[in-house]
Amino acid sequence: KHNTQTKWRNTVDQAARPFQFIHYDPIIQRKQREFRDPSQQKSKLNEDLTEIQSIMRKNIDEILNRGEKLDHVSTMSQELQSKSKDFSWGAKKLTWQARLQQYGPMAVGALIVLIIIYVKVFHI
């Protein structure tokens, strides 16, 4: 704080024109009026507190909504995990069916040939 005051004081002391900072005068006057009257000061403070309170309520509502959204995302994630297990089982089942269709006829043919050879060799 002391460093800021020193810089400000040096800037004012080094001003080339005496009225260089005159354009700040209306702002300074308005701020003085705001804080001179105690009732106005309380009113301003109450307005600020009301504004802060509404901002905090809005923030809390947003946080609660995020929590609900996170719960929804968690539920969706669990459903997707369950569906992926079902999909994995279905994919394995389809793989076995495809292999059976591909190699089944050859296996049946080979089994018939082995039965014929067995019958011919052992004369049943």
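Please read these numbers as outputs of a predicted model, since none were measured by experiment.

Visitor: I'm lost on the overall build of the chain in this one. Help?
Guide: Check the secondary structure of the chain and you find 3 helices and 0 strands. Taken from N to C terminus, the helices and strands of the chain fall in the order α-α-α. A burial count over the chain gives 1% of its 124 residues as buried. Taken as a whole, the chain presents about 12100 Å² of accessible surface, with 62% of it coming from carbon and sulfur.

Visitor: What is the right way to look at the packing of aromatic side chains in this model?
Guide: We describe a pair of aromatic rings using the distance from one ring centre to the other and the angle between the two ring planes. A complete count under the given rule lists 1 aromatic pair for this structure. Centroid distance Tyr-118 to Phe-122: 4.8 Å. Interplanar angle 55°. Geometry classified as tilted. Note that Tyr-118 and Phe-122 are positioned in helix 3 (residues 38-122) at a spacing of 4 residues, about one turn of the helix. Under the relative-accessibility criterion, Phe-122 is labelled exposed at 52%. Sitting above the plane of the Trp-96 ring, Arg-99 keeps its charged end 5.8 Å from the centroid.

Visitor: Looking at this structure, I do not really get a nonpolar patch on the surface. What am I missing?
Guide: A cluster of nonpolar side chains, Leu-111, Val-113, Leu-114, Ile-115, Ile-117, Tyr-118, Val-119, Val-121 and Phe-122, forms an exposed patch at the surface whose accessible area comes to about 870 Å². Tracing the backbone shows Leu-114 in helix 3.

Visitor: Please explain the confidence of the model for the chain as it appears in this structure.
Guide: When the pLDDT values of the chain are averaged, the result is 82; 82% of them are 70 or greater. The lowest-confidence element of the chain is helix 1 (residues 2-13), averaging 68 in pLDDT; the highest-confidence one is helix 3, averaging 87.

Parameters at a glance
- Residues numbered from 1 in each chain as written.
- Predicted model: local features only at pLDDT ≥ 70, side-chain atom pairs only at ≥ 80, totals over all residues.
- Heavy atoms only, no water.
- Helix = DSSP H or I, 4+ residues; strand = E, 2+ residues; numbered from the N terminus.
- Buried < 20%, exposed > 50% of the residue type's maximum accessible area, 1.4 Å probe, protein only.
- Areas by Shrake-Rupley, 256 points an atom, 1.4 Å probe, with all protein chains shown as cover.
- Phe/Tyr/Trp six-rings, centres within 6.5 Å; stacked < 30°, edge-to-face > 60°.
- Lys NZ or Arg CZ within 6 Å of the ring centre and 35° of its normal.
- Patch = residues over 30% accessible without salt bridge, like charges linked within 9 Å, V, L, I, M, F, W, Y side chains within 5 Å.
- Salt bridge = Lys/Arg side-chain N within 4 Å of Asp/Glu carboxyl O.
- pLDDT = per-residue confidence, 0-100.

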